[in-house]
Amino acid sequence: MRSMLAATLIVAGAATLAAHGAHAAPKQTAAAPPAAQTPSETAKTLAQGERQAIQSDLAWTGDYNGLINGEVSDRMIAAIKQFQTNQGHKPTGVLNPQERGQLAEAARKLQASVGWKLISDPVTGARIGVPTRLVPQQASDANGTRWSSSTGTIQVALSRRKEADVSIAKLAEQEKKEPGRKIEYSAIKPDFFVLSGTQNQKKFYIRGSFKDAEVRILTVLYDQATEGTMQPVVVAMSSAYNPFPGGVQAGPPPRKKVEYSTGTIVSSEGAILADREAVEGCLSIVVAGYGPADLVDRSKEHELALLRIYGASELKPLPIGGGAAKAGAVEITGVADPQSQGGGAAVTTVKAQLTVAGTTGGLVVTPPPSLGFSGAPARDAEGRFAGLTTLRLPLVAGVADGAAAQATLITADTVRSYLTGVGVKQAEGTTKDAKASVVRVICVRK
């Protein structure tokens, strides 16, 4: 196994957020959108979990041979371009929604082909991803669990043992001395070690850790003839492997350092309606094309926030009065995240359906629009305002890495009630095109 693959494996799954530089605010009188971003800059606006998911999917497709840690690198951008080229697309280095879907689907098919399954092993207590179709035979004893192919060409073993006065370096040296092993790569980290190489004409990968005097070791052994199949599988196994999984409190995922959302102009005096969560904890808020915005009010009850820009002329408020939210077809107008449009800032309209949630009675938007559409207005077939779209990651135990956003609607009645409470007069009427009434909102956090 190449040393780069080993380097990939020793840190696969690490969670270190990349730092984001603050975006320069556009001039207050400018009407042009911000300059297009480089692929690296665009990738850095994604949540770390999504970046890790992209790296993992690219590893499954064989396009990426780098660290699965969510950090943006030239290797990651080159892998995206390679995938785009292989699919017959222009190699921009930025995945649009269609390409991201193709990548995810390709990875899912490869995972399905090997029977990829995440398992919490009851014997060792470790969490591991297992290619169950490649290693269908399983056996356990007091010391661990083993999976193997019918012919023994592929073997996976989880082992545990008690050992006092141990160190990572000592554990690594013990494993190096196993008969027949030829070490091609080794790494000693504060809390784990990694070894890879050959053993009796087979490839092997070993990762070991200890905690509270208990040693837990993952060993993968496979024939060199299966390397083409096993290389992405071993990367995925390393990424999924957690020798000592701890209880993590359920809660929201970390917020992005720079988050893009959609604002709706609701008065010609510069009042802009936004999703409360999208502008929570901002060091600064910028409305693209207009400059800095003040956060005038936010309401957890309504899930809405009110922004205000100054000195802008010829604003076109969206008609808010008169409509009502109900199940059926709607059009949603917003500004997708730069990742979804190659670094651009175009205003687009997408079609969706509103359905009533069975447990809450709220309105669910399907399919969910792209990231960046949180705060985007929805209109019915007659052009009447139906409400504002919100995108939320589901709350789960642990980090919701790569989890799909769920879209719901803040109803027109709720929006009107909120605007009345903050003293904003609502525009009446209908509109067939809301593009002139929406803007991109940029939240920069610490």
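Here the structure is shown first, and the text comes after it.
Keep in mind it's a predicted model, so treat the numbers as computed, not measured.

S.K.: Would you take a moment to explain helix 8 (residues 412-421) for this structure?
M.R.: Spacing of three or four residues puts side chains on the same side of an α-helix, whose turn is 3.6 residues. Taken together, the buried positions of helix 8 are Ala 412, Val 415, Arg 416, Tyr 418 and Leu 419. Viewed along the axis of helix 8, the buried residues span an arc of 160°, placing them on a single side of the element. In helix 8, the exposed positions angled more than 90 degrees off the buried face are occupied by Thr 420 and Gly 421. Residues of helix 8 that are buried make contact with strand 12 (271-275), strand 15 (294-299), strand 16 (304-308), strand 21 (385-392) and strand 23 (406-411). Taken from the residues just after helix 8, Gly 423 is the one with a positive phi, measuring 80°.

S.K.: How do you make sense of the packing of helix 3 (residues 48-60) against helix 4 (residues 74-86) when you look at a structure like this?
M.R.: Pairs of packed helices are described in terms of their axes, by the angle between the two and the distance that separates them. It is the contact of helix 3 with helix 4, at a shortest axis distance of 10 Å, that shows an interaxial angle of 55°. Judged on the interaxial angle alone, helix 4 and helix 3 are oblique. As for the relative orientation of helix 3 and helix 4, their crossing is left-handed in sense. Counting all contacts with helix 3, which are made through Arg 51, Ile 54, Gln 55 and Leu 58, the residues of helix 4 involved are Met 76, Ala 79, Ile 80 and Phe 83. When the residues that make up the contact of helix 3 with helix 4 are grouped by side-chain class, the tally is 6 nonpolar, 1 polar and 1 charged.

S.K.: Would you explain the environment of Pro 97 in this entry?
M.R.: The residue Pro 97 is located in helix 5 (residues 97-114) in this model. Pro 97 sits 242 residues away from Gln 339 along the chain, and the two C-alpha atoms are 8.4 Å apart. Once residues within four sequence positions are removed from consideration, Pro 97 is found in contact with Ser 340 and Ser 370.

S.K.: Hey, could you run me through helix 4 in this one?
M.R.: The end-to-end C-alpha separation of helix 4 is 18 Å, in line with the 18 Å expected for 13 residues at 1.5 Å each. Among all positions in helix 4, only Met 76, Ile 77, Ala 79, Ile 80, Phe 83 and Gln 84 are buried. All buried residues of helix 4 fall inside an arc of 155° around its axis, so they share one side. Residues of helix 4 that are buried sit in contact with helix 2 (39-44), helix 3 and helix 5. Downstream of helix 4 by a residue or two, Gly 88 has a phi angle that is positive, lying close to 80°.

S.K.: Quick question: what am I supposed to make of the packing of aromatic side chains here?
M.R.: Two measures describe an aromatic ring pair: the distance that separates the ring centres and the angle between the ring planes. One pass over the structure, following the stated rule, counts 1 aromatic pair. With centroids separated by 5.4 Å and ring planes inclined at 75°, the aromatic side chains of Trp 60 and Trp 116 adopt a geometry described as edge-to-face. Linking Trp 60 in helix 3 with Trp 116 in strand 1 (residues 116-120), this pair joins segments that are 56 residues apart in sequence. Under the relative-accessibility criterion, Trp 60 is labelled buried at 6%. For Arg 207, the ring lying beneath its charged end belongs to Phe 192, and the centroid distance is 4.1 Å.

S.K.: Can you help me understand the pairing of strand 17 (residues 328-335) in this one?
M.R.: Look at any regular strand and the pattern is simple: side chains alternate between the two faces of the sheet. Where strand 17 lies against strand 18 (residues 347-356), 8 bridges are found, and the strand directions are antiparallel. Each bridged residue has a counterpart across the sheet, and for Ile 332 the counterpart in strand 18 is Val 350. As paired elements, strand 17 and strand 20 (residues 377-379) share 2 bridges and run antiparallel to each other. Bridge pairing in strand 20 links Glu 331 to Arg 379.

S.K.: Got a minute to help me understand the sheet that holds strand 8 (residues 202-211) in this structure?
M.R.: Consider a sheet: its strands pair through backbone hydrogen bonds, and that pairing is either parallel or antiparallel. Across the sheet, which stays open at both edges, the 7 strands sit in the order 3-4-5-9-8-7-6 with antiparallel pairing between neighbours. Pairing within the sheet leaves two strands with one partner each, and these edge strands are strand 3 (137-141) and strand 6 (181-188). Each neighbouring strand pair of the sheet contributes to a mean axis angle of 15°, computed without reference to strand direction. Sheet analysis places strand 8 next to strand 9 (residues 214-223), joined by 10 bridges and oriented antiparallel. When the bridges of strand 9 are listed, Phe 204 appears paired with Leu 221. Packing against the sheet, helix 7 (residues 227-240) makes contact with strand 5 (154-162), strand 8 and strand 9, and its axis sits at approximately 165° to strand 9.

S.K.: What am I meant to see in unusual backbone geometry here?
M.R.: Backbone geometry follows two general trends: most residues other than glycine have a negative phi, and most peptide bonds adopt the trans configuration. In this model, Thr 366 is joined to Pro 367 through a cis peptide bond whose omega is -10°. Mapped onto the secondary structure, Pro 367 falls in the loop between strand 19 (363-366) and strand 20. The phi dihedral of Asp 212 is positive, around 50°, even though this residue is not glycine. Among the secondary structure elements, Asp 212 is positioned in the loop between strand 8 and strand 9.

S.K.: Which parts of the structure should I look at to understand the sheet that holds strand 12?
M.R.: Strand order across the open sheet formed by 7 strands is 14-13-24-11-12-16-15, with antiparallel pairing between neighbours. Because the sheet does not close on itself, it has two edges, and the strands there are strand 14 (291-292) and strand 15. The pairing of strand 13 (residues 284-287) with strand 14 spans 2 bridges and is antiparallel. Paired with Val 286 across the strands is Pro 292, a residue of strand 14. Running at roughly 50° to strand 16, helix 8 makes contact with strand 12, strand 15 and strand 16 of the sheet.

S.K.: What's the story with the state of the cysteines in this structure? I'm lost.
M.R.: Note on terminology: a disulfide is the covalent bond linking the sulfur atoms of two cysteines. Inspection of the entire model under this criterion finds 1 disulfide. Covalently, Cys 282 is tied to Cys 443 through a disulfide, its sulfur atoms 2.0 Å apart. Across the S-S bond linking Cys 282 and Cys 443, the dihedral sits near -115°, which makes this disulfide left-handed. Within this pair, whereas Cys 282 is found in the loop between strand 12 and strand 13, its partner Cys 443 is found in strand 24 (residues 438-444), the two being separated by 161 residues in sequence. Its relative accessible area of 21% is what places Cys 282 among the partly exposed residues.

Analysis parameters
Residues numbered from 1 in each chain as written. Predicted model: local features only at pLDDT ≥ 70, side-chain atom pairs only at ≥ 80, totals over all residues. Heavy atoms only, no water. Buried < 20%, exposed > 50% of the residue type's maximum accessible area, 1.4 Å probe, protein only. Helix = DSSP H or I, 4+ residues; strand = E, 2+ residues; numbered from the N terminus. Arc of directions from axis to C-beta. Contact = heavy atoms within 4.5 Å. Axes fitted to C-alpha atoms, helices over the stretch in contact; angles between N-to-C directions. Parallel < 35°, antiparallel > 145°, perpendicular 65-115°, else oblique. Left-handed = near helix turned anticlockwise from the far one by under 90°. Nonpolar A, V, L, I, M, F, W, Y, C, P; charged D, E, K, R; others polar. Expected span 1.5 Å × (residues − 1). Phe/Tyr/Trp six-rings, centres within 6.5 Å; stacked < 30°, edge-to-face > 60°. Lys NZ or Arg CZ within 6 Å of the ring centre and 35° of its normal. Pairing = 2+ DSSP bridges. Disulfide = S-S within 2.5 Å.

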